[in-house]
Amino acid sequence: MVSTVLSRRATLKLLAAAGSLTFSVPRAAFAEPSNALAADDMHVPLVKIHPDNSAIIYNLNPDMGQGTSTGLPMLIAEELGLDWSSTRIENLALKRHRGEDGKMTHTYYHQSSGGSSSTRYAWDELRTAGAKGRHMFVKAAADKWGVPTDQLDTKNSHVFDKITGKRAPFTVFLNAVSRQAIPEGDFTFRERSSYQILGKSQLIKASADIVRGKPIFGIDQEIPGMLHAAIERCPHFCGRVKSVNADAARAVKGVVRIIEMEPALPNGEYEWQLNAGVAVMADSLWAAKKAKALLEIEWDKGPFEDYSSAEMESRSIQALDDDAGFEVVDHYGDVRSEGDVDAAMTTAAKTYSAKYSMAHVAHAVMEPHSAVADVRPNSVYVKAPTQAPFLIQEVAAQITGLREEQITVDIARSGGSFGRRYNKDYPAEAILLSQKMGRPVKVTWSREDELTQDNYRNANNYRMSGGVDANNRLVAFHQRQASGYPTRVKGTVPELAWPYEDLMGWHTEMGMFENHKMEHKFFPSPVPRGAWRAPGSVNTCFAQMSFFDEFAHELGIDPLEFQLSILAPGKIIPEGKDAAHPMDMNRMAACFRMAAEKAGWGKTLPKGRGMGIAGCYSHASYVAQVIEVSVSDGVVTVEKVTAAADCGFAVNPLSVRAQIEGAVHDGLSVAMGQEITVVDAAVQETNFDSYEMARMDSAPKAFEIHLIEGAATPTGMGEPAMPPTAPALTNAIFAATGKRIRRLPVADQLET
């Protein structure tokens, strides 16, 4: 176990470690064609050695602040035996080639970041890349020195003889290495006891560039001869341009052209990626923005012109008590109905039910979106901050009609993402406008664009019902959820693209309860939704953990005791399924116990002060939190956060801690005050004056993080610490005040 206690000053120091999100995709095998290394200026897989024996590791996975551009290269460096202090990291442009089956495949490794999956999927793949490189240098040295390969090893960018002590830098062997074929077969990884880099806290390699303001972020990127585009997008979801008067805008010095943007057609190749609007093309961003403000546009509000998020919430809450229209959740073949919930509720010693709601929230990334594109007759170049560069390549092919091999995508660093940059709307705009203009174009979003044109976390409403036996053991659990679901067509039943996200809840997997049912019902809504830090967990966890806490109080038992009784079977679930990362109830229980012990759970607190506990298995990792608050005159002060997390082996403990702390700060900010409201199908919050971020003075006064290594392999931590934060907070507020918070955000609910 590794522990750290953080003050606010220490919190600031952790910024060097950075941190954020994610979205899960299957990983392709590491299968580079034999000519790829030379073509990409590498000596061994993903590594280039300079004449001074320093190295470059080419990073494949986009970094949005979660530390992948340091953590994943650490895997290669350890196995290859690089000197980490003289190793630099560079992003590698998207590398895909067309396979024998005619489909595009990743050349080195699947280049995307999301779902807190980067580390857990890279663990074997990138260590294999490093082991291949080690094999190549060792073989070259063995041939040169006339000794067996098993007599040699690598360390600090040198090959050395384990018997004689003879050593030489990698540069000595570069010519011989470059003539070798990339080795195949199984490779032996280093013993953990020999690690020089992995498992040790490492500063983010890009820290110096970030604090010095070097142009590494997407919004910094430029191409010679490019135009700047500022787009006035329709504020009404599913709306269109009715008329536009652009005379005043055209008169602005520097304006080159004004283009009306048509929305992508429903069910088309890139539906939701292009919204209606008017684009101003100018020789500077300032000119484009100035002209944009002078456009006189009349909008067709579209088929949802009377849509209201408040009305949808009211309708959904009412629907929770009506059985009509509800369907059992079918999560890719896992039908979430076990036993007989109705019968178990009837025979239960005591039953309880409560409703919970969460408003829409935006991603609110610190760096607004941007993309630069250069479309030519036979090629496309795009550079953007993105989580999934291959999706940009695909949408560029769809827009231009070119083949993917003709499209280059460079990856810029993202100033936050949280799932938002898995979308390709902002690159699609740049690609389309560059195609129309015949020259490079950079699209830059404003903060107002980012908040009003987002793919939001869904606004969900839940009814949780449970029944216990005479021993207060939960024998029945019924989860029901109702909400709007995005569609461009009013009055039709929405087609569910991601039904699991609203009520999947990784924490309550198949086999956890004897009698369990998950149901959902959706209503047509124009509000776009998307992956938002810990999708499938973050909303559901609030409802589940709030309900378990509330039910425990109704039963007159300790909430921790009730949580542990639910996990008491100690099973690994889902049972009988081929799950890549099944939930281990014992590992989850260990996090609850650790967080409670370190927080001093059960100690007597002064009046107006309380503790809340919550935990969640999410994205293959386990996190439990105890939050202690004081409440005075309706003002909540977070006195302390104690978190216990199990993500297996921590590749870079500093980054893991930064992720946990960042997720908790983010979670508190969202839970306390953030809400997107929609009136006439238009978002009302347009900047941080109406969509408030937490300030430094609302940060926890103290923070403890305890890492538990429940497995030898690593899992992710960009998202798992987010879901338990809100329910731990609201459970603490109840303990301090006796007032139960069943709707997020907390906002003014404590005002008397």
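An account of the accompanying structure is given in this report. On a predicted model such as this, the values are computed, not experimentally measured, just so you know.

1. Quick look at the overall build of the protein
Reasoning step 1: Counting its secondary structure elements, the protein contains 19 helices and 35 strands.
Reasoning step 2: In terms of C-alpha radius of gyration, the protein reaches 27 Å, essentially the compact-globule figure of 27 Å for 752 residues.
Reasoning step 3: Along the first, second and third principal axes, the C-alpha atoms of the protein reach 80 × 75 × 50 Å.
Reasoning step 4: Only carbon and sulfur atoms are counted for the fraction: they give 49% of the accessible area of the protein, which is about 28700 Å².
Reasoning step 5: The average position of the 78 basic charges and that of the 91 acidic charges among the side chains of the protein differ by 5 Å.

2. Concerning the sheet that holds strand β21 (residues 379–385)
Reasoning step 1: The strand order β12-β13-β10-β23-β20-β21-β22 describes an open sheet built from 7 strands, whose pairing is mixed. Only two strands of the sheet have a single neighbouring strand rather than two, namely β12 (255–261) and β22 (407–412). For this sheet, the mean inter-axis angle between neighbouring strands, taken without regard to orientation, is 20°.
Reasoning step 2: Relative to strand β23 (residues 441–444), strand β20 (residues 370–376) runs antiparallel, the two being bridged by 4 bridges. In the sheet register, Ala-371 faces β23, and the bridge partner there is Val-443.

3. Describing empty space enclosed by the protein
Reasoning step 1: Roughly 80 Å³ of volume is contained in the second largest cavity.
Reasoning step 2: Looking at the second largest cavity, the residues that line it are Arg-457, Val-538, Asn-539, Gly-667, Val-670, Ala-671, Met-722, Pro-723, Thr-725, Ala-726 and Leu-744.
Reasoning step 3: Among the secondary structure elements, those contributing two or more residues to the lining of the second largest cavity are α15 (538–555), α18 (653–673) and α19 (725–737).
Reasoning step 4: Taken together, the residues of the lining of the second largest cavity sort by class into 7 nonpolar, 3 polar and 1 charged.

4. A short note on the sheet that holds strand β9 (residues 167–169)
In any sheet, the strands associate via hydrogen bonds between backbone groups, in a parallel or an antiparallel arrangement.
Reasoning step 1: The strand order across the open sheet formed by 3 strands is β7-β8-β9, and the pairing between neighbours is antiparallel. Edge positions in the sheet fall to β7 (152–155) and β9, since each of these pairs with one other strand and no more. On average, each strand axis in the sheet is inclined to that of its neighbour by 25°, with strand direction left out of account.
Reasoning step 2: Relative to strand β8 (residues 158–161), β7 runs antiparallel, the two being bridged by 4 bridges. Paired with Leu-152 across the bridge in β8 is Asp-161.

5. A word on the pattern of salt bridges
Reasoning step 1: Applying the stated criterion across every chain, the model contains 42 salt bridges.
Reasoning step 2: The salt bridge partner of Asp-209 is Lys-214, with a shortest N-O separation of 3.6 Å.
Reasoning step 3: On the accessibility criterion, Lys-214 (41% relative accessible area) is partly exposed.
Reasoning step 4: The salt bridge partner of Arg-743 is Glu-675, with a shortest N-O separation of 2.8 Å. You can see Arg-743 sitting in strand β35 (residues 743–744) and its partner Glu-675 sitting in the loop between α18 and β32 (678–679), a full 68 residues away along the chain.

6. Examining the pairing of β22
Reasoning step 1: Where β21 and β22 come together, 6 bridges link them in parallel fashion. Paired with Pro-385 across the strands is Ala-412, a residue of β22.
Reasoning step 2: Following the chain from β21 across helix α11 (residues 389–400) to the adjacent parallel β22, one finds a crossover that is right-handed.

7. Some points on the packing of aromatic side chains
Reasoning step 1: Counted under the stated rule, the structure contains 17 aromatic pairs.
Reasoning step 2: Every member of this aromatic cluster is reached through a ring pair, and the members are Tyr-352, Phe-477, Phe-513, Phe-547, Phe-548, Phe-551 and Phe-562.
Reasoning step 3: The ring centre of Phe-189 lies 3.9 Å from the NZ or CZ of Arg-127, which sits over that ring.
Reasoning step 4: Here Arg-740 stacks its cationic end above the ring of Phe-734, 3.9 Å away from the centre of that ring.

8. Some points on the packing of helix α16 (residues 559–567) against helix α17 (residues 585–599)
Reasoning step 1: Look at α16 against α17: their axes get within 9 Å of each other, and the N-to-C directions meet at 165°. Considering the angle they form, α16 stands roughly antiparallel to α17. Of the two elements, α16 crosses α17, and the hand of that crossing is left-handed. Across from Leu-560, Gln-563, Leu-564, Ile-566 and Leu-567 in α16, the residues of α17 making contact are Met-585, Met-588, Ala-589, Phe-592, Arg-593 and Ala-596.
Reasoning step 2: Considered class by class, the residues forming the contact of α16 with α17 number 9 nonpolar, 1 polar and 1 charged.

9. Some words on the nonpolar core
Across soluble globular proteins, nonpolar side chains show a tendency to be buried alongside one another.
Reasoning step 1: Phe-562 and Val-629 are the most contacted members of the largest nonpolar core, which totals 104 residues.
Reasoning step 2: Counting residues per element, this core draws most heavily on α15, at 10 residues.
Reasoning step 3: Within the second largest apolar cluster, 46 residues are counted, among which are Met-42, Tyr-58, Leu-75 and Ile-76.

10. Describing unusual backbone geometry
Reasoning step 1: Cis peptide bonds are those with omega within 30 degrees of zero, and the linkage from Leu-744 to Pro-745 qualifies with 10°.
Reasoning step 2: Secondary-structure assignment places Pro-745 in the segment after β35.
Reasoning step 3: The residue Ala-364 is not glycine, and still its phi comes out positive at about 50°.
Reasoning step 4: Checked against the element boundaries, Ala-364 lands in the loop between β19 (350–358) and β20.
Reasoning step 5: Ala-364 sits in the buried class, given a relative accessible area of 4%.
Reasoning step 6: Phi at His-619 is positive, roughly 50°, even though this residue is not glycine.
Reasoning step 7: Structurally, the position occupied by His-619 is in the loop between β29 (609–618) and β30 (621–632).
Reasoning step 8: Note on His-619: relative accessible area 3%, which makes it buried.

Calculation notes
Counting of residues starts from 1 at the beginning of each chain's written sequence and follows it residue by residue. Residues qualify for local features only when their pLDDT is at least 70, as the model is predicted, and side-chain atom pairs are given and counted only at 80 or more; totals for whole chains, interfaces and linings, by contrast, use all residues. Processing note: side-chain calculations cover all non-hydrogen atoms of the structure and skip hydrogens and water entirely. Per the convention used, a helix needs a DSSP run of H or I reaching at least four residues, while a strand needs a run of E reaching at least two, with both numbered from the N terminus. Put simply, the radius of gyration uses C-alpha atoms, and a globule should come to 2.2 Å times the residue count raised to 0.38. To be clear on the numbers: accessible area is Shrake-Rupley with a 1.4 Å probe, and residue cover counts the displayed protein chains and nothing else. We count Lys and Arg on the positive side and Asp and Glu on the negative side, and we leave His and both chain ends out. For charged residues, the charge sits on one atom: NZ in Lys, CZ in Arg, CG in Asp, CD in Glu. Strands qualify as paired when DSSP identifies two bridges or more between them. Here, axes are lines fitted to C-alpha atoms. For helices the fit covers the stretch in contact, and angles between N-to-C directions go from 0 to 180 degrees. A cavity here means a set of points on a 1 Å grid, drawn over the protein atoms and nothing else, where a 1.4 Å probe fits but cannot get out; a pocket is an open set with protein on both sides within 12 Å along at least five of seven lines, and a residue lines either one if it has an atom within 4 Å of a point. Grid points are joined across faces, edges and corners, and a volume is the space filled by probe spheres set on the points. Amino acid classes used here: Ala, Val, Leu, Ile, Met, Phe, Trp, Tyr, Cys and Pro are nonpolar; Asp, Glu, Lys and Arg are charged; the rest, including Gly, are polar. Salt bridges are defined by distance alone: a side-chain nitrogen of Lys or Arg within 4 Å of a carboxyl oxygen of Asp or Glu. Remark: exposure states derive from per-residue accessible area (1.4 Å probe, protein chains only) relative to the maximum for the residue type, with buried under 20%, exposed over 50%, and partly exposed in between. By convention a crossover is right-handed if, when the strands point away from the viewer, the path from the first strand over the helix to the second runs clockwise. Each Phe, Tyr or Trp ring (for Trp, its six-membered ring) is paired with any other whose centre lies within 6.5 Å, and the angle between the two planes then decides the class: stacked below 30 degrees, edge-to-face above 60, tilted in between. Sitting over a ring, as applied to charges here, requires NZ of Lys or CZ of Arg to be within 6 Å of the ring centre and within 35 degrees of the ring normal. With respect to orientation, any angle under 35 degrees is reported as roughly parallel, any angle over 145 as roughly antiparallel, any angle of 65 to 115 as roughly perpendicular, and every other angle as oblique. Handedness of a crossing follows from how the near helix is turned relative to the far one, being left-handed for an anticlockwise turn of less than a right angle and right-handed for a clockwise one. It only takes one pair of heavy atoms within 4.5 Å for two residues to be counted as in contact. Here, the term nonpolar core denotes a set of buried Ala, Val, Leu, Ile, Met, Phe, Trp, Tyr and Cys residues that are joined through side-chain atoms within 4.5 Å.

Everything listed here is a matter of geometry and, on its own, says nothing about what the molecule does.
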